[in-house]
Amino acid sequence: MLMNSLLSRMRLFILLLLLGLVVNTRSQVFIKGYAPQFKNTTFDISIIEDHLSNFSKPIQRISIDTNGFFRTNLPLDRITKIRIGNAVFSGFMYVQPKARYTIDFLSQNEENIKFSRQEEIEFTFYNLDSTDINYKILGFQNWMDTYIADVYPLKDLNTEEFVTRIMWFKNEVNKEYKSDTCSFFRLYRVYSMGQAIDNLGFLGSPSPEDKYNLYLKNRPVALHSDAYMDFFKSFYDQFVYTLEPTISNKLFSALVNNSIKKADSLLSLNPFCTNPELRYLILTYLIKQSEYNKFLPRTTIQTNLRLLSQYNPYLKQRELAKNILEKFNRLTIGDEFIPLYLTNGKDSLRIKPEKNKGIYLHVFDPSKTSSTAQLSALKKLYQQYGKQISFYTLYIDTPEKDEAQVRALDLISWPKIGLAANDPIWEKLGIVKYPQYLLVDQSFTLVASPALEPTPNNAYETVEKSFYQLLKP
């Protein structure tokens, strides 16, 4: 009896395990791509975790073969926006469970590849299924953009006709997609039209009160929808300046005193903040924007983001605050340069203050000739200034290096370390191109990023000019 019971349990366990494998297989997303300009390199695939900070979380690294092809499987169980590319070139697409994609990844600007300038790539899809989210979004977006472009001249010439045409379009959209049951696509349509049409500001267009009641007041907060978040950001942009002065002053005081609950209570007095879950998102956005509008001191912003990441009653919003805090902590000019301890599992590198010495930090990609071309000039600088200024190099490491990459790395006789392309240090240091240089003065303050390079710029300036200013008595 006991043996039969054990056998039954084992069969049930195996059945559940097999079902789990089937479910996992069914949720796989298959992507096959062609990137001939990036042969023998790697791309990273990241999920866009939230659309307030645009924080992307790396989930996979893929290799591009000698012919420029790559392929991968992603275990995703819902429609997700992903980023594919490297630190300089990347593109975005939506993926949905069980789908198969064939894409081209081609830069339209050869000069950008040569000089490693950041570029967003637009993918070309092949044999895209008509039920796929990309097919739906691209088709709808093209329809809406074309229609608005055609009727827009009527906005000032014949307002009544313009309004009639707009209402016709909205009705046609509702009829066309009446039977579509995809909630993600429905959100995209609703908020894309709200953003593109209702924000045109024509006579008779919805007032802010109308838009709040229609799109935000009683609607679920859709953090996963980029269209919803774009509308949200537009509606609440610089919202702090729309508050009554007495309320904004009290809000400032509450945040300085690190009282999130008090700040929430004050915001609740505003007619555009009646939805409690939405209100916490508004508060997060208001604090985020304070970095640029100087509404709050930097330390106050950091403290309140940390509090929101820990105590926001809406759990999904805690991650938003963490992501914003991560980006907020990016080094900027004038910041104290943080001591760094970097490791890749084999090697390690420590960068810390040294008495009476500045730092010249070199970041490059040894697989790009535009990066390695400056190494000879950099080596001469090191020989001349190495006793007065500390040189360090961080580079993008790859599993396999060709002879040219090995030779390039051998030229560097000062401390260096290779790190993965998706290492968070690149975001922390604000790296936007390769090569890039950062200059830190003797008081361990970041004084230039990007700093001047070893080779002359268009004004015939090199970093020697900065060294001279740094070292003069």
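First, a word on what this report is: a plain description of the structure on this page.

Cut-off values and rules
Residues numbered from 1 in each chain as written. Predicted model: local features only at pLDDT ≥ 70, side-chain atom pairs only at ≥ 80, totals over all residues. Heavy atoms only, no water. Helix = DSSP H or I, 4+ residues; strand = E, 2+ residues; numbered from the N terminus. Buried < 20%, exposed > 50% of the residue type's maximum accessible area, 1.4 Å probe, protein only. Contact = heavy atoms within 4.5 Å. Areas by Shrake-Rupley, 256 points an atom, 1.4 Å probe, with all protein chains shown as cover. Lys, Arg positive; Asp, Glu negative; His and termini not counted. Charge placed at Lys NZ, Arg CZ, Asp CG, Glu CD. Phe/Tyr/Trp six-rings, centres within 6.5 Å; stacked < 30°, edge-to-face > 60°. Lys NZ or Arg CZ within 6 Å of the ring centre and 35° of its normal. Axes fitted to C-alpha atoms, helices over the stretch in contact; angles between N-to-C directions. Parallel < 35°, antiparallel > 145°, perpendicular 65-115°, else oblique. Left-handed = near helix turned anticlockwise from the far one by under 90°. Nonpolar A, V, L, I, M, F, W, Y, C, P; charged D, E, K, R; others polar. Salt bridge = Lys/Arg side-chain N within 4 Å of Asp/Glu carboxyl O. Pairing = 2+ DSSP bridges.

1. Side note on the overall build of the protein chain
So, point 1. The secondary structure content of the protein chain amounts to 18 helices and 16 strands.
So, point 2. Considered along the principal axes of its C-alpha atoms, the protein chain spans approximately 70 × 70 × 65 Å.
So, point 3. Counting every position in the protein chain, which comprises 473 residues, the buried fraction comes to 46%.
So, point 4. For the protein chain, restricting intrachain contacts to residue pairs at least 6 apart in sequence, the fraction spanning at least 24 positions comes to 66%.
So, point 5. Surface exposure of the protein chain reaches about 25300 Å², of which carbon and sulfur atoms provide 52%.
So, point 6. Mean positive and mean negative side-chain charge positions of the protein chain (56 and 49 charges, respectively) differ by 6 Å.

2. A short note on the packing of aromatic side chains
So, point 1. One pass over the full model with this rule turns up 43 aromatic pairs.
So, point 2. Considering the side-chain rings of Phe252 and Phe295, the 5.9 Å spacing of their centres and the 75° angle between planes classify their relative orientation as edge-to-face. Here the residue Phe252 occupies a position in helix α9 (residues 245–256), and Phe295 occupies one in the loop between α11 (276–293) and α12 (298–311), the gap between them amounting to 43 residues.
So, point 3. Judged by its relative accessible area of 15%, Phe295 falls in the buried class.
So, point 4. An angle of 45° between the planes, with centres 5.0 Å apart, marks the rings of Tyr382 and Trp414 as tilted. In this pair, Tyr382 sits in helix α15 (residues 375–385) while Trp414 sits in the loop between α16 (403–410) and β14 (416–419), placing the two residues 32 residues apart along the sequence.
So, point 5. Looking at Tyr382, the relative accessible area reads 26%, which means it is partly exposed.
So, point 6. In this structure an aromatic cluster arises from ring pairing among Tyr191, Tyr212, Tyr215, Tyr228, Phe231, Phe232, Phe235, Tyr236, Phe239, Phe272 and Tyr285.
So, point 7. The positively charged end of Lys81 is found above the aromatic ring belonging to Phe92, 5.5 Å away from the centroid.
So, point 8. For Arg189, the ring lying beneath its charged end belongs to Phe185, and the centroid distance is 4.9 Å.

3. Some points on the packing of helix α7 (residues 208–216) against helix α8 (residues 226–235)
So, point 1. Their axes nearest at 12 Å, the elements α7 and α8 cross at an angle of 155°. Compared by their axis directions, α7 and α8 come out roughly antiparallel. The handedness of the crossing between α7 and α8 comes out as left-handed. Contacts between α7 and α8 pair Pro208, Lys211, Tyr212, Tyr215 and Leu216 from the former with Tyr228, Phe231 and Phe235 from the latter.
So, point 2. Classifying every residue of the contact of α7 with α8 gives seven nonpolar, no polar and one charged.

4. Considering the environment of Ile417
So, point 1. Looking at the secondary structure, you find Ile417 in strand β14.
So, point 2. Judged by relative accessible area, which is 1%, Ile417 ranks as buried.
So, point 3. Separated by 155 residues in sequence, Ile417 and Lys262 place their C-alpha atoms 47 Å apart.
So, point 4. Among residues more than four places away in sequence, those in contact with Ile417 are Leu342, Thr343, Asn344, Asp347, Ser348, Leu349, Thr393, Leu394 and Tyr395.

5. Comments concerning the packing of helix α10 (residues 260–267) against α11
Packed helix pairs are characterised by how far apart their axes lie and by the angle those axes make with each other.
So, point 1. It is at 10 Å that the axes of α10 and α11 come closest, and there the two elements cross at 110°. In terms of orientation, α10 lies roughly perpendicular with respect to α11. In terms of crossing hand, the pair formed by α10 and α11 is right-handed. Where α10 approaches α11, its residues Ile260, Ala263, Asp264 and Leu267 are matched on the opposing element by Arg279, Tyr280, Ile282 and Leu283.
So, point 2. Across the contact of α10 with α11, the residue classes break down as six nonpolar, no polar and two charged.

6. Considerations on the pattern of salt bridges
So, point 1. For the structure shown, the criterion picks out 15 salt bridges.
So, point 2. Between Asp226 and Lys81 there is a salt bridge, with its nearest N and O atoms 3.3 Å apart. Residue Asp226 is found in helix α8, and its partner Lys81 is found in strand β5 (residues 80–85); the two are separated by 145 residues along the sequence.

7. Some remarks on the pairing of strand β15 (residues 436–440)
So, point 1. Within β15, five of the five residues are buried, which leaves it mostly tucked inside the rest of the structure.
So, point 2. Side-chain alternation along β15 places Gln436, Leu438 and Val440 on one buried face and Tyr437 and Leu439 on a second face that is also buried.
So, point 3. Taken together, the five bridges between strand β12 (residues 358–364) and β15 define a ladder with antiparallel strand orientation. Considered in β15, the bridge of His362 is made with Tyr437.
So, point 4. Strand direction decides the pairing type here: β15 and strand β16 (residues 446–448), joined by two bridges, are antiparallel. By the bridge assignment for β16, Val440 is matched with Leu446.
So, point 5. The turn joining β15 and β16, which pair antiparallel and follow one another in sequence, is formed by five residues; a positive phi near 65° is taken by Phe444.

8. Re the environment of Leu266
So, point 1. By the secondary structure assignment, Leu266 is in helix α10.
So, point 2. Excluding anything up to four places from it in sequence, Leu266 contacts Ile247, Lys250, Leu251 and Ala254.

Keep in mind that these numbers describe shape and distance, not what the molecule does.
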